[in-house]
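# An overview of the molecular structure
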Amino acid sequence: MSDTTVHALLGETMAKGLKKTVALVGMMGAGKTAVGKAMAARLSVPFLDSDAEIEKAAAMSVAEIFSRDGEAFFRQREAEVIARLLETQQAVLSTGGGAFLAEINRNIIAQNGVAVWLKADLNILWNRVRHKATRPLLRTENPYETLKSLVKAREPFYAKAGIIVDAEPNLSIEAMADKVIDALARHGGILKEDQ
């Protein structure tokens with residue numbers, strides 16, 4: 001049985017391509033990069049990562065930019081990079097955890113694509129980020145409490161996304177990618193359907 005037949009039997013969306021860019025938003029550890037890569041592969045579109053593009057342009061890591069130039073400088077570069085990436089071909093775009101807090105980024109995403117909030121609860125997020133030293137905002141005395149505060153402060157902004165998809169702890173990356181693609185299909189006007 002072919003994959004197409006299996007997907008058709010399961011009622012899953014078989015789409016190849018996007019009519020507009022899908023910007024994944026949410027907290028660090030929500031799975032934006034991993035799920036985004038899986039979605040891009042499934043949809044045969046490019047995967048873009050705003051943090052990776054900033055690092056490439058600056059020739060230093062996000063943590064180094066935060067340390068040397070501060071968060072305000074980083075957020076300015078981030079807005080410029082997101083605007084540039086949204087002007088290119090349709091893609092799946094993973095944004096940094098703080099990107100969607102800025103009204104300029106929310107507006108440019110809404111004008112040129114659609115925002116999808118990968119909504120993960122605090123336990124999922126903590127389990128994914130607690131052993132990573134690459135998160136500059138968690139370099140505090142009590143990183144768990146910092147993460148908890150960030151979630152509380154940021155969720156009202158993430159809730160402004162056009163589509164919200166709940167993460168589940170037992171879903172594989174591929175299954176979560178399918179869940180997001182199904183949400184895009186239900187929303188309408190985003191996916192190019194297979195003929």
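Residues numbered from 1 in each chain as written. Predicted model: local features only at pLDDT ≥ 70, side-chain atom pairs only at ≥ 80, totals over all residues. Heavy atoms only, no water.

### Considerations on the sheet that holds strand E5 (residues 113-119)
- In space, the five strands of this open sheet follow the order E3-E4-E2-E5-E6, with parallel pairing throughout. Strands with a single pairing partner mark the edges of an open sheet, and in this sheet they are strand E3 (47-49) and strand E6 (163-166). Across the sheet, the mean angle from the axis of one strand to that of its neighbour is 25°, orientation sign disregarded.
- With five bridges joining them, strand E2 (residues 21-25) and E5 adopt parallel strand pairing. Directly across from Val-22, in E5, lies its bridge partner Val-114.
- Docked against the sheet, helix H2 (residues 32-43) engages E2, E3, strand E4 (92-94) and E5, running at close to 160° with respect to E3. (Pairing = 2+ DSSP bridges. Helix = DSSP H or I, 4+ residues; strand = E, 2+ residues; numbered from the N terminus. Axes fitted to C-alpha atoms, helices over the stretch in contact; angles between N-to-C directions. Contact = heavy atoms within 4.5 Å.)

### What about the pattern of salt bridges?
- As enumerated under the stated definition, the model contains eight salt bridges in all.
- With a shortest N-O distance of 3.0 Å, Arg-75 and Glu-78 are connected by a salt bridge. Pair noted here: Arg-75 and Glu-78 are both in helix H5 (residues 71-86), with a separation of three residues, about one helical turn.
- On the basis of relative accessibility, which here comes to 1%, the residue Glu-78 falls in the buried class.
- Ionic pairing is found between Lys-179 and Glu-168, a salt bridge with its closest N-O pair at 2.6 Å. (Salt bridge = Lys/Arg side-chain N within 4 Å of Asp/Glu carboxyl O. Buried < 20%, exposed > 50% of the residue type's maximum accessible area, 1.4 Å probe, protein only.)

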